[in-house]
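# Examination of the molecular architecture
One-letter residues, chain by chain:
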Amino acid sequence: MSSIRQADSQQADAPRAESVLSLRGIHKTFGAVAALTDVDLDVAAGQVVAVVGDNGAGKSTLVKILSGVHPPDSGTITFESREVHIPTPAAAHKLGIATVFQDLALCENLNVIQNLFLGQEVRPLRLNDVAMETRSWELLRQLSAKIPSVRVPVASLSGGQRQTVAIARSLLGDPKVIILDEPTAALGVAQTAEVLNLVERLRENGLGVIMISHNMADVKAVADTVAVLRLGRNNGVFDVADVSTEDIIAAITGATDNVVSQRQARSKEGLSS
Amino acid sequence: MVTTDRQDERLQSREGLRGAVTDVVERARGGDLGVIPVVVGLIVIWTVLQILNPVFLSSANLVNLTLESAAVGVIALGIVCVLLVGEIDLSVGSVSGLSAAVLAVLFVGQDLPVWLAIAASVIMGAAIGWVYAQLYNRFGVPSFVITLAGLLAFLGLQLYVLGTKGSINLPFDSGLVAFAQLDFVPAWLSYTFAVLAAGGLFVSGWLHARERQRAGLSARGVPVLALRSAALLVVLLFVVWYLGQTRGVGWMFVFFVALVLIMHYFLSRTKWGRSVYAVGGNVEAARRAGINVRAVYTSVFVLCSTFAAVGGILAAARLAAANQSSGTGDVNLNAIAAAVIGGTSLFGGRGTAFGALLGIIVIQSISSGLTLLNLDSSIRFVVTGVVLLLAVVVDSVARKSRTSHGRA
């Protein structure tokens with residue numbers, strides 16, 4: 001498998017010399033509603049960026065813009081130092097931006113191999129299931145996935161295992177950036193831990209990870225940077241290492257939404273980008 | 001050495017013959033019944049009918065049964081395809097009737113060569129399916145409604161095409177009628193087919209097992225493969241021998257079985273087949289995986305109507321006539337019932353091409369057995385209805401069991 005590049009261990013700690021993906025001044029309106037206003041976001045290789053925000057803050061819209069479901073009204077997307085347009089999901093996939101949606105989009109009646117290779121089967125007219133099974137195992141082992149058999153229907157897997165399958169599938173196309181939409185929303189304690197391990201493994205493999213989450217504990221556990229959205233605007237970017245959960249929540253809810261904190265947020269953003 | 005796919009310690013090791021048997025039993029317990037209910041149902045039906053009328057299991061009657069199965073069986077094969085994507089085609093009866101009428105008018109009325117008449121009928125079937133697909137894809141009308149409209153409209157068109165006479169006989173000396181009524185596979189060739197089928201199963205299984213072994217995956221052992229092929233060989237040889245006591249195996253039935261095998265290959269071994277199952281399982285997931293969902297819908301609607309047209313041609317050939325009642329009555333429901341009895345889920349994403357073969361044999365057995373008993377068609381309808389209901393109940397119970405055993 002060549003799809004996952006080995007990262008040297010320093011990469012995660014190194015200062016973000018350049019972002020693999022950066023958004024500048026993204027606007028998106030649905031009718032009269034401004035879903036996103038002047039939103040910026042940066043992700044570097046080997047970095048986990050958590051995007052947090054209350055309901056209606058624009059997290060899902062941001063995901064949809066990056067995954068090519070909706071085009072932005074204005075603003076620029078820079079991917080690997082090139083300005084790009086992402087008009088369709090296929091275009092996002094081709095660029096190397098993979099998205100794992102909250103509902104995972106797996107076919108329950110198909111088994112793990114069939115789901116992993118759905119739409120990109122090996123040898124279309126005489127399926128090569130041996131090659132596909134071998135590669136499935138390679139992928140799952142790379143993620144240290146705990147799936148006993150790949151020949152069982154996805155319906156029989158637990159929530160965490162399904163999340164693993166969905167993430168493994170997104171890795172098939174050799175992505176540079178992977179977007180996880182609420183990866184732990186419906187999971188139990190142990191399964192959440194499994195998925196968080198997985199996210200760390202993605203970072204070790206040198207991928208840029210954007211993780212949408214509601215769960216502060218998860219964010220604190222794996223993210224390097226937290227970007228807060230509030231009512232469709234940036235409301236601060238924090239380094240996880242030196243921010244408390246209370247501060248993040250304050251930014252999400254807008255409890256500190258005053259002139260002073262806005263100035264601080266702006267200066268922080270200025271530093272980080 | 002532990003193979004790549006057997007490294008997880010939670011997996012129980014099941015190897016060799018005993019392991020294969022345990023696997024089957026376990027799967028059935030978990031509600032993954034496969035063809036077991038149909039086979040059990042068939043045995044029950046055959047036993048009861050044989051007790052009621054000793055002629056039922058006679059070679060002559062079974063030969064008839066195979067020939068009668070072919071036409072509706074081909075239609076059921078198309079129904080399996082649309083059911084797999086979770087849609088339905090209620091107009092297959094009317095389309096088959098229209099196809100028979102077009103064939104008869106072109107062949108007998110217009111004196112065109114028979115192959116041209118057949119081609120015209122088949123192309124018309126495909127065109128009807130294409131129109132359905134356009135209506136479904138572009139306007140989002142439920143397939144139930146589109147094909148219900150088609151049922152009426154094409155029945156009307158069939159009556160119009162047949163004109164005032166209402167019935168056209170196909171000449172007996174045409175190859176088409178001979179194919180459906182008189183042409184049987186010579187005994188030596190039937191036995192050859194049986195041996196080839198069993199041999200083919202073994203060789204393909206063995207090649208696959210070798211490929212898996214080379215890739216470091218677990219593979220079926222030679223004893224399991226040999227046993228499977230031997231079982232198939234015994235069954236096929238017995239069938240050929242028993243049918244050979246009278247007229248033998250009809251070419252039309254061979255044609256039907258060949259279509260089933262081809263569809264089985266396309267559904268299980270090609271990218272197209274995968275996408276059909278995926279669309280039936282979760283349309284949104286299929287779309288996000290980059291599958292052209294519209295093309296998949298178009299392909300299955302076209303296939304279904306085409307198979308319906310082919311079935312109509314076979315039915316006309318079998319009857320040596322096309323008339324106003326071709327494709328009417330119970331043809332529609334028999335085809336759908338055959339697909340469902342054969343284990344195709346009405347909710348999409350589950351079923352096989354072999355389901356059509358097994359299902360139509362069940363339906364035809366009931367029909368033939370009750371005809372032999374001189375029972376009125378009223379009773380035949382009731383019994384067929386009850387069997388269909390039983391099949392759906394078994395499917396639902398198995399579905400629940402699958403859910404509780406985590407096999408969905």
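None of the values given here were measured: they were computed from a predicted structure. (Residues numbered from 1 in each chain as written. Chains lettered and ligands numbered in written order. Predicted model: local features only at pLDDT ≥ 70, side-chain atom pairs only at ≥ 80, totals over all residues.)

### Here's the deal with the overall build of chain B
Helix and strand counts for chain B stand at 16 helices and 2 strands. In terms of overall dimensions, chain B has a C-alpha envelope of 75 × 55 × 40 Å along the principal axes. Among the 408 residues that make up chain B, the fraction classed as buried is 43%. Put simply, 78% of the contacts in chain B that link residues at least 6 apart link residues at least 24 apart. (Helix = DSSP H or I, 4+ residues; strand = E, 2+ residues; numbered from the N terminus. Buried ≥ 20, exposed ≤ 12 C-beta atoms within 10 Å, placed from the backbone. Contact = placed C-beta atoms within 7 Å.)

### Re the domain arrangement of chain B
By a widely used convention, the size of an interface equals the accessible area lost when the partners come together. All names here are of chain B. You can read the domains of chain B as domain 1 (34–183 + 250–404) and domain 2 (184–249). Computed from C-alpha atoms alone, the centre-to-centre distance between domain 1 and domain 2 is 27 Å. Contacts between the two partners involve 9 residues from domain 1 and, on the opposite side, 8 residues from domain 2. Those elements that place two or more of their residues in the side of domain 1 that touches domain 2 are α3 (59–84) and α10 (251–269). Looking at the side of domain 1 that touches domain 2 element by element, the count peaks at 4 residues for α3. Of the residues that constitute the side of domain 1 that touches domain 2, the class distribution is 6 nonpolar, 2 polar and 1 charged. (Domains from an automatic or database assignment. Nonpolar A, V, L, I, M, F, W, Y, C, P; charged D, E, K, R; others polar.)

### Some thoughts on the interface of chain B and chain A
Each side of the interface is counted separately: chain B has 29 residues, and chain A has 26 residues. Counting only elements with at least two residues in the side of chain B that touches chain A, the list comes to α8 (187–214), α11 (271–281) and α12 (283–288) of chain B. Sort the elements by how many residues they give to the side of chain B that touches chain A and α11(B) lands first, with 5 residues.

### Here we look at the pairing of strand β7 (residues 177–181) of chain A
Residue and element names in this part refer to chain A. Counted residue by residue, β7 has 5 buried out of 5 residues, so it is predominantly covered. Here β7 shows two buried faces, one formed by Val177, Ile179 and Asp181 and the other by Ile178 and Leu180. Pairing of β7 with strand β8 (residues 208–212), which is carried by 5 bridges, proceeds in the parallel orientation. Bridging across to β8, Val177 finds its partner in Gly208. Between the parallel pair β7 and β8, the chain is carried across by helix α6 (residues 189–204), and the sense of this crossover is right-handed. (Pairing = 2+ DSSP bridges. Right-handed = clockwise from strand over helix to strand, strands pointing away.)

### Comments concerning helix α8 (residues 245–253) of chain A
All names here are of chain A. All buried positions along α8 are accounted for by Ile248, Ala251 and Ile252. Taken end-on, α8 shows its buried residues confined to a sector of 100 degrees, consistent with a single buried face. Positive phi shows up at Gly254, right after α8, with a value of about 85 degrees. (Arc of directions from axis to C-beta.)

### What about the confidence of the model for chain A?
All names here are of chain A. When pLDDT is averaged across chain A, the result is 84; 88% of the residues are at 70 or more. Within chain A, no element has a lower average pLDDT than helix α9 (residues 259–272), which sits at 66, and none a higher one than helix α3 (residues 112–116), at 94. Ignoring residues within four places in sequence, the model shows residues 1–16, a span with pLDDT below 50, making 26 contacts including any to other chains. (pLDDT = per-residue confidence, 0-100.)

### Here's the deal with the pairing of strand β2 (residues 33–43) of chain A
Note that strand β1 (residues 21–30) of chain A and β2(A) share 7 bridges and pair antiparallel. Bridging across to β2(A), A:Ile26 finds its partner in A:Val39.

### Quick notes on the nonpolar core
Residues and elements named next belong to chain B. One finds Ala76, Ile79 and Leu103 to be the most contacted residues of the largest nonpolar core, which totals 183 residues. Per-element tally for this core: the top contributor is α3, with 17 residues. For this core, the two domains that each supply at least three residues are domain 1 (34–183 + 250–404) and domain 2 (184–249). With sequence-adjacent residues up to four places away left out, Ile79 is seen in contact with Asp89, Val92, Cys304, Ala335, Ile336 and Ala339. (Core = buried A, V, L, I, M, F, W, Y, C linked by C-beta atoms within 7 Å.)

### Focus on the packing of helix α4 (residues 92–109) of chain B against helix α6 (residues 143–162) of chain B
Residue and element names in this part refer to chain B. Running from amino to carboxyl end, α4 crosses α6 at an angle of 20 degrees, the nearest separation of the two axes being 8 Å. The angle between α4 and α6 places the two elements in the roughly parallel class. Taken as a pair, α4 and α6 cross one another with a handedness that is left-handed. Where α4 abuts α6, its residues Ser94, Val95, Gly97, Leu98, Ala101, Val102 and Val105 lie against Gly150, Leu151, Phe154, Leu155, Leu157, Gln158, Val161 and Leu162. Each residue belonging to the contact of α4 with α6 can be placed in one class, and the counts come to 11 nonpolar, 4 polar and no charged. (Axes fitted to C-alpha atoms, helices over the stretch in contact; angles between N-to-C directions. Parallel < 35°, antiparallel > 145°, perpendicular 65-115°, else oblique. Left-handed = near helix turned anticlockwise from the far one by under 90°.)

### So, the environment of A:Ala131
With respect to the helices and strands, the residue A:Ala131 is situated in helix α4 (residues 129–142). Here the alpha-carbon distance between A:Ala131 and A:Ala32, two residues 99 residues apart in the chain, equals 51 Å.

### What about helix α1 (residues 59–66) of chain A?
Among the 8 residues that make up α1(A), 8 are buried, leaving the element largely enclosed by the rest of the structure. Listing the buried residues of α1(A) in full gives A:Lys59, A:Ser60, A:Thr61, A:Leu62, A:Val63, A:Lys64, A:Ile65 and A:Leu66.

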